[in-house]
Amino acid sequence: TGQVTYDPGFANTASLSSAITYIDGDEGILRYRGYDIADLTEKSTFVEVSYLLIYGELPTPEQLADFDGRLREHTLLHEDMRRFFQAFPYDAHPMPMVSSAIAAMSTFYQDSLSITDEAQIDISTARLLAKMPTIAAFAHRHAEGVPVVFPDNNLGLVENFLRVNFGFPSEDYEVDPLALKALDQLFILHADHEQNCSTSTVRLVGSSQANLYQSISAGIHALAGPLHGGANSAVLEMLEEIQASDDGPKKFMERVKNKEDGVRLMGFGHRVYKNYDPRATIIKKTADEVLEKLGGNDEMLQLAKDLEEIALADDYFVERKLYPNVDFYTGLIYKALGFPTNMFTVLFAVGRLPGWIAQWREAAKDSETKIGRPRQIYTGAPKRLYTPVDDR
Ligand code: CMC
């Protein structure tokens, strides 16, 4: 009904109002609930930021202790759910393992499927936040062909996450404080980004009144693509490819500019940021620090910096306002922390989870939420008559 507006990729259409995240793409500003991203990464923690995104305010000490306690309570998976992982081929990519496991939570935790009962939604929220790191690590370890490590509820969420990923076989595995700080920061930086593809997916699926687990599982699928969360592993593959070839960064950039085989400079460009992505500024510093102290591929970091330098001085990128985005330097840090490339997008999902939950909850409460149902411009055949198969 009414006039239909043609807007590919919803580049100009706001279909909802939200009080969670503010972005000014021209100025390169990102705020969660009014707090600047640089302030939060410096002073807060991922658990606290999760609370802020979901409940709208920074927690009091009591609220934080209660929230943190609930997350520690829910880290373990049902034993049948652990066995669920064993059914996947050993060489499966961890990302679909994770989205399948999240979807399966609808079957294992049927007591928290309500979309209106606030107490049940709080339980599914805590379950998702607490089990996601365990699920991600189980997928990682299954893909590596090594036994899982069970969570230790004496540890905080991010510390536990490092342990369940890397804690075996060394019983006395100790989390490196720099690794912990870097990962906590990276999770904060990924925690929300308003109506990006995966978040829009979560809200669209949720608008049909699908439950939180189903909606988030759909969001993880959306995140998997190389133009979205998959870009972080695509960046590393691109850097490896350039290193392995004799071409060098300049020749590679010529291919990008000539749009040869559709090759893009992965980790560059953004639908909303037409300036340096404020997350990339922070991540670049972290990359320097982590690679210097924990050791990592310095040549690759230098190659990334060279590509950035060429791009920022080149008309092609300048005219199109293409700057490094959040994914450009993250892979180098994840690699230095010991994660295999196919885990990078899973790490993005672990970080983005509180944002998806906050957005789903906001939509579920908003009296203006309607089922998502975009319109189209029909370009197919006009009315025609059916011909029986023998007459064709
Ligand atoms: N390398 C080379 N050219 C590019 C790039 C790039 N990375 N990004 C955009 N362009 C060009 C594009 O070819 C087009 O040129 P022209 O005007 O000649 O046709 C122009 O810039 C505008 O690009 P677009 O594809 O219309 O822009 P968009 O807003 O639809 O896409 C994007 C945004 C992020 C998908 C895109 O910039 C891209 O593909 N980047 C590489 C993948 C990537 O890093 N994704 C991560 C995004 S940030 C975090 C996340 O969401 O996960």
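Identification of the protein as Citrate synthase from Brevibacterium jeotgali is taken from an unreviewed UniProt entry. The Sequence similarities (unreviewed entry) comment attached to the protein in UniProt states, word for word, "Belongs to the citrate synthase family." Database annotation for the protein, UniProt heading Catalytic activity (unreviewed entry): "oxaloacetate + acetyl-CoA + H2O = citrate + CoA + H(+)".

From N to C terminus, the protein includes 17 helices and three strands. Its C-alpha radius of gyration of 22 Å places the protein within 12% of the 21 Å reference for a compact globule of 392 residues. In terms of overall dimensions, the protein has a C-alpha envelope of 70 × 55 × 50 Å along the principal axes. For the protein, the residues scored as buried account for 44% of the 392 residues in total. Of the contacts made within the protein by residues no fewer than 6 positions apart, 76% connect residues no fewer than 24 positions apart.

Now for the environment of Asn-160. Structurally, the position occupied by Asn-160 is in helix α7 (residues 157–166). It is 8.1 Å that separates the C-alpha atoms of Asn-160 and Pro-133, two residues lying 27 residues apart in sequence. Apart from residues lying up to four places away in sequence, Asn-160 is in contact with Thr-75, Pro-133, Pro-151, Asp-152 and Leu-155.

The next subject is the sheet that holds strand β3 (residues 35–36). Ordered by their spatial adjacency, three strands build an open sheet running β1-β2-β3, and the pairing between neighbours is antiparallel. Bordering the open sheet on either side are β1 (21–24) and β3, each of which pairs with just one other strand. As paired strands, β1 and strand β2 (residues 29–32) are joined by four bridges and run antiparallel to one another. Paired with Tyr-22 across the strands is Arg-31, a residue of β2.

Quick look at the UniProt feature "active site" (unreviewed entry) in the protein now. Sites flagged by UniProt as "active site" (unreviewed entry) map to His-270 and Asp-327. Judged by maximum C-alpha separation, these annotated positions cover 58 residues in sequence but sit close together in space, the widest gap being only 10.6 Å. Take His-270: there are 21 C-beta atoms within 10 Å of it, and that puts it in the buried class. Along the chain, Asp-327 falls in helix α16 (residues 327–337). With 29 C-beta atoms counted inside 10 Å, the residue Asp-327 sits in the buried group. Excluding residues within four positions of it along the chain, Asp-327 makes contact with Ala-231, Asn-232, Val-235 and Gly-267.

Before going further, it helps to spend a moment on the pairing of β2. Working note: regular strand, side chains alternate between the two faces of the sheet. Only one face of β2 is covered, namely the face carrying Leu-30 and Tyr-32; the face carrying Ile-29 and Arg-31 is uncovered. Here β1 hands over to β2 after four residues, with Gly-28 in that stretch at a positive phi of 70 degrees. Looking at chain direction, β2 and β3 are connected through two bridges and run antiparallel. Bridged to Tyr-32 within β3 is Tyr-35.

Our next topic: the site of the ligand. Around the ligand sit 20 residues in total, of which Ala-231, Arg-264, Gly-269, Arg-271 and Asn-325 are the nearest. Grouping the amino acids of the shell around the ligand by side-chain chemistry returns eight nonpolar, eight polar and four charged.

Taking 1.5 Å of rise per residue, the 14 residues of helix α8 (residues 177–190) would be expected to cover 20 Å, and the 20 Å separating its terminal C-alpha atoms lies within 8% of that figure. Counting buried positions along α8 yields ten of 14 residues, so the element is predominantly enclosed. Burial in α8 covers these residues: Ala-179, Ala-182, Leu-183, Asp-184, Gln-185, Leu-186, Phe-187, Ile-188, Leu-189 and His-190. Packing partners of the buried residues in α8 comprise α1 (37–43), α2 (46–55), α7, α13 (278–294), α16 and α17 (344–365).

The rules we used
Within each chain, residues carry numbers counting from 1 in the order of the written sequence. Totals for whole chains, interfaces and linings use all residues, but because this is a predicted model, local features are given only for residues with pLDDT of at least 70 and pairs of side-chain atoms are given and counted only at 80 or more. UniProt positions are given in the numbering used here, feature names are shortened, and annotations may be inferred rather than shown by experiment. Only runs of H or I of at least four residues qualify as helices and only runs of E of at least two qualify as strands under DSSP, and these elements are numbered from the N terminus. Radius of gyration here is computed from C-alpha atoms only, and the compact-globule reference equals 2.2 Å multiplied by the residue count raised to the power 0.38. Partly exposed residues are those whose C-beta has more than 12 but fewer than 20 other C-beta atoms within 10 Å; 20 or more makes a residue buried and 12 or fewer makes it exposed, with C-beta atoms placed from the backbone. Remark: residues whose backbone-derived C-beta atoms lie within 7 Å of one another are considered to be in contact. Pairing between two strands requires that DSSP report at least two bridges joining them. We call a residue near a molecule or strand when its C-beta atom, built from the backbone, sits within 6 Å of it. Residues were grouped as follows: Ala, Val, Leu, Ile, Met, Phe, Trp, Tyr, Cys and Pro as nonpolar; Asp, Glu, Lys and Arg as charged; and all remaining residues, including Gly, as polar. Here a helix's expected span is defined as the number of its residues, less one, multiplied by 1.5 Å.

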